[in-house]
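So you can see what is in the structure, the chains are spelled out below.
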Amino acid sequence: MELVLALAIGIMTSSGVWLLLRPRTYQVIIGLSLLSYAVNLFIFSVGGVKSNAAPLLENGVKTADLADPVPQALVLTAIVIGFATTALFLVVLLAARGLTGTDHVDGREQPK
Amino acid sequence: MILVLLVCLPFLGSLVAIALLKTDSRVLAARLAGAVALAGLLMTAWLYPAVTRGPVRLELEWLPQLGLNFTLRMDGLAWLFSMLITGIGFLVVLYARYYMSEEDPVPRFFSFLLAFMGSMLGIVLSGNIILLSIFWELTSISSFLLISYWHHNAAARDGARMALTVTCIGGFCLLVGLLILGHIVGSYDLDAVLAAGDKIRAHPLYLTTLCLILMGALTKSAQVPFHFWLPNAMAAPTPVSAYLHSATMVKAGVFLLVRLWPALSGTYEWFMLLGLAGISTLLLGAYFAMFQQDLKGLLAYSTISHLGLIMTLLSLGSPVAAVAAIFHMMNHATFKASLFMAAGIIDHETGTRDMRKLSGLFRYLPVTGILAMVASAAMAGVPLLNGFISKEMFFAETVETHADSLLDRLMPYLATLAGAFSVAYSLRFIHVVFFGPPPTELPNPKPHEPPHWMRFPMEFLVVACLVVGIIPGLSIGPFLHTAVVSVLGSQTPEYSLAVWHGINTPLIMSAIALGGGVALYILLKDYLAKCDDGPPLFRHLAGQRIFERVLVTVSWKWARFLESRLGTRSLQPQLRLVVAAGLLAGVVPLAIAGFSSQPMILSTVDPAFAAVWLVGAICAIGAAYQAKYHRLAALVLLSGTGITTCITFVWLSAPDLAITQLLVEIVTTVLILLGLRWLPKRFEKIDNSVAFISRARRLRDFLLAIACGAGMFVFSYAIMKQPVPDAIASYFLENAYSQGGGRNVVNVILVDFRGFDTMGEIVVLGIVALTVFALLRRFRPAPDSIEKPEQQRIQNAFDLERPERSDGETVRDYLLVPSVIMQWMFPVVITLAVYIFLRGHDLPGGGFAAGITMAIAFLLQYLAGGVRWAEDRLRVLPLRWMGVGLLTAVATGVGAWVLDYPFLTSHSRYIDIPLVGKAPLASALLFDLGVFSLVVGSTVLILIALAHQSVRTHRVRAIETPKAEEL
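Draft legend 1. Molecular detail of the overall build of chain B. Each helix and strand counted, chain B has 39 helices and four strands in total. Long-range pairs, those at least 24 residues apart, make up 78% of the contacts in chain B between residues at least 6 apart in sequence.

Draft legend 2. View of the pattern of salt bridges. Residue and element names in this part refer to chain B. The tally for this structure, following the rule as stated, stands at 20 salt bridges over all chains. Note that Arg 455 is salt-bridged to Glu 459, the shortest N-O span being 3.2 Å. With Arg 455 and Glu 459 both in helix 20 (residues 452–470) and four residues apart, the pair spans about one turn of that helix. Across the salt bridge formed by Asp 701 and Arg 576, the nearest N and O atoms sit 2.9 Å from each other. Separated by 125 residues along the polypeptide, Asp 701 in helix 29 (residues 692–721) and Arg 576 in helix 25 (residues 571–593) bring together distant segments of the chain.

Draft legend 3. Spatial organisation of the interface of chain A and chain B. Counting residues at the interface gives 82 residues for chain A and 105 residues for chain B. Summed over both sides, the interface between chain A and chain B buries roughly 8,300 Å², with carbon and sulfur atoms accounting for 78% of that surface. Contact with chain B buries surface across chain A, with A:Leu21, A:Tyr26 and A:Phe83 losing the most and accounting together for 9% of the total. Across the contact surface, chain A and chain B share two salt bridges. With its nearest N and O atoms 3.4 Å apart, the salt bridge here joins B:Arg631 to A:Asp103. Run the count over chain A and chain B and you get 15 residue pairs in polar contact (both at pLDDT 80 or more). Counting residues per element, the ones that place at least two in the side of chain A that touches chain B are helix 1 (2–20), helix 2 (25–46) and helix 3 (69–100) of chain A. Ranked by residue count, the leading element in the side of chain A that touches chain B is helix 3 of chain A, at 24 residues. Class assignment of the residues belonging to the side of chain A that touches chain B gives a composition of 52 nonpolar, 20 polar and ten charged.

Draft legend 4. Layout of the pairing of strand 2 (residues 68–74) of chain B. Residues and elements named next belong to chain B. The element strand 2 is largely enclosed, with a buried count of seven among its seven residues. Neither face of strand 2 is open: one carries Leu 68, Phe 70, Leu 72 and Met 74, the other Asn 69, Thr 71 and Arg 73, and all of them are buried. One ladder, built from seven bridges, connects strand 1 (residues 56–63) with strand 2; its direction is antiparallel. Across the sheet, the residue bridging to Glu 61 is Asn 69, located in strand 2.

Draft legend 5. Geometry of the nonpolar core. Grouped together as the largest cluster of nonpolar side chains are 198 residues, with contacts concentrated most on B:Met74, B:Phe110, B:Ile200, B:Trp229 and B:Leu264. In terms of residue count, the dominant contributor to this core is helix 16 (residues 319–350) of chain B (19 residues). Those residues in contact with B:Met74 that sit more than four places away from it in its chain are B:Leu3, B:Leu6, B:Thr44, B:Leu47, B:Val51, B:Gly54, B:Pro55, B:Val56, B:Trp79, B:Ser82 and B:Leu125. With 133 residues, the next largest nonpolar core counts A:Ile9, A:Leu93, B:Leu776 and B:Phe858 among its residues.

Draft legend 6. Spatial organisation of unusual backbone geometry. Of note, the bond from B:Val224 into B:Pro225 is cis; its omega dihedral lies within 30 degrees of zero at 5 degrees. Within the fold, B:Pro225 resides in the loop between helix 9 (206–220) and helix 10 (229–232). Of note in this structure, A:Asn52 is not a glycine but carries a positive phi near 50 degrees. Mapped onto the elements of the fold, A:Asn52 is located in the loop between helix 2 and helix 3. Positive phi, normally seen in glycine, also occurs at B:Leu877, with a value near 50 degrees. Inspection of the secondary structure puts B:Leu877 in the loop between helix 37 (847–873) and helix 38 (878–898).

So, how was this worked out
Residues numbered from 1 in each chain as written. Chains lettered and ligands numbered in written order. Predicted model: local features only at pLDDT ≥ 70, side-chain atom pairs only at ≥ 80, totals over all residues. Heavy atoms only, no water. Helix = DSSP H or I, 4+ residues; strand = E, 2+ residues; numbered from the N terminus. Contact = heavy atoms within 4.5 Å. Salt bridge = Lys/Arg side-chain N within 4 Å of Asp/Glu carboxyl O. Buried area = accessible area lost by both parts, 1.4 Å probe. Polar contact = N/O pair within 3.5 Å; in protein donor to acceptor, adjacent residues only side chain to side chain. Nonpolar A, V, L, I, M, F, W, Y, C, P; charged D, E, K, R; others polar. Buried < 20%, exposed > 50% of the residue type's maximum accessible area, 1.4 Å probe, protein only. Pairing = 2+ DSSP bridges. Core = buried A, V, L, I, M, F, W, Y, C linked by side-chain atoms within 4.5 Å.

This is the structure we're talking about:
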């Protein structure tokens, strides 16, 4: 379980970082999204990896067996804020593209 | 307490004077300033009996944990200086009352002057060396304001800026020096510092401290090589020059060195550094002064030279020399202030300060002339005047051997030479201005004596020169002694202030200086009457020009060079640095602290989970690979990874996250799809023949990405394999129901335990939505994106070709069946949103998820029918949703205040609802409602703003097209 999750985090980080360093704005936005999946999963996994132990209190369930709710709460807001930043970045990149006529991250094509 | 009043009164007066700026009264501000100065003078005088018994101290705690207290301390030296500051301050105010012209904003002048007076009093009265440094900076700032008082004048601005730059560099060095001094001593208290002289001198950091403190003192007292700011500061109004640049501010440097004399002096380094600076300033200042054509310029260089004299005295390190230094500070202040006032009167009456134009003024200004003659005689060191006595003491000290060296042996000769120069320029000042033929080139041809009260300060000071010069022992003697004892303590030497000591070496030196000076003047007279401003040989080597060149080099050329070498405007190198720094920040601590990787056991891997992530990983890599040329494919692949993440959340006991992730995934995908329309098309074929350099760059990025991924893999695997420590999780799990009244712990944390965080987050969401909205209002697409998309054009062309189809039919009926279903789904999705919201407190769901669901309900209508269709039937008003949401959330929080609980305390209870029965209801639900409403508003606002763009550009085009037809 942990091995797969760790590998997944690693692969998504690699893909994200690679895209982050690319010259096109669209690549960067996709890269940031991938990176935010990786980071969210990472934060989430810090609380331990458990199946069938959702932090819902029911009668007769020992609280010690439940998954850690704190990282979950953190990640939940992170997802929503992640959406907001993606939206903001998308609009900024569209505006930059409209203003400069190029979708290069520097606002101008690199001199050959 | 009276000490605090003494320091604070001028500052208060300064504020009041500023308030007088609106009134037209010219006299009121002057009276106020005069009253403040006089009050200060009287308070100081009143304190004298107490000071003779020992320092008067007052300590108020300020930052005691840093050893920084507001300590004021008045001993004999501080008393003498306070008298000087308030006394001459009063005279200058009186003089300025008549000097300042009608057009000047007088209250501002007096306000700055009072602020300066307060800062200067602060320096001399500080009992804490850090406090001293603070007041030191305040004098720099207020003197900057005073010099630039006539700010319409470029010379005033430049002079002020130069003075500020030089003295502030010095002030900074001083602060560092004082901090080191405090570190050596272990206390910033002045008494402790003064008592620790031997410890300081023996400390390895002594030389550093000394250099830094000397930097402060030498810049402030305009010593070579930092002297050039003082002549440029002469652009200030003359009262300012009389006060700051003769009597007080430039004395701050020498005052500081006298103050720290017990702590720092007496070493060879002290003698060499200070002596070299002092004697060269003495000589060069006097030499430069001879060749000035501007009256104030002459006085400025003479001031520099006299300050050099005081520095030289201090450098000698002998107690008698220190006595002479303190004495000469007083004497110089009296005669130089009166000379500046004389220069001001001459300027005021004749309209010029150029000595080539002035001559024979004695017939117009007899009284002023006599006063100026006495004052310059004191400056030249003529017997029976105060300047003579301190100069004699100086000569006597230079003859003595202090630290045997070439400098020490040369000193008497250099001192005599400087004395001769000083006689020559004093004589020139009087002879050129007051004697000779009547002036012919005066801008103001009828000069006359100024009002009596304008002359009074001069009269007073000149009488003081005479009294001190004739009966020193009876006039200044006791006060000087108190000051000397306060500095030297048990080291206080035997000294005599008598006028006549018999015929001895100093007297012979004085005689040589007097005779030589007169001879020098007679020799140079004709040359000086015609020559340009400035001394020969040095005329073109202006310190000012060097200073400016240095400034340009440092702040422009070097900065440019560094920027061109280190800075970049392109994003990629910056991001590369950020990523590399992040990688290093992770790897370096692990490499230092040691890291044992966890064994990887394959047997625990769940094959189904592994298969899910096989898909997820392929999607992620695919998205990375395709994002450049196949944006839609990349988006689809990205969503694939998103879904995998979502499945992971379900698998690993996080249903709330799964719901939210799924919903956000939908909205994000729609959002990016909307954005795709505005990105450029790409026809480039994948070019395999890229240059070597860009291949190398890609390889580097690839390796960096692999390293980051590998790092995250190892790191997160190690963390997951650690047993989870029993942290705060159990607290939330145990108390969620009893205190928060909810069974879904994640939701309880969000809306109750950490409600304030959530509040911040929804505010961020709202701000982002508004920013997006604002950015898109002025959105201008690139020219190649303005046209309708290619697909629509093909479809429209298809309609046009067939007579049975009307224009736009294909586009309109596009995805007809799904869009009908979407319209039907509207109430269903809304119900789903309500359901998710209501169950949130006990089961997975909640405000965030419900809000996004609701937004999707609206979104579907836009997707199904298009923007216009949807808005004809449905007005969403997202801004209202946002406003209501935020207000609800805040109101819930404030509601707790009404019941005397902290902000956002929630309350829960079971209530009986008819037909439904007992139902739990928490005030947190209301908060969650706010979250819900804001999330709906923000999400919809973002999406609608983007969706509107295609409609809007249509309109722009609709306006532009007829124009094109007309042409």
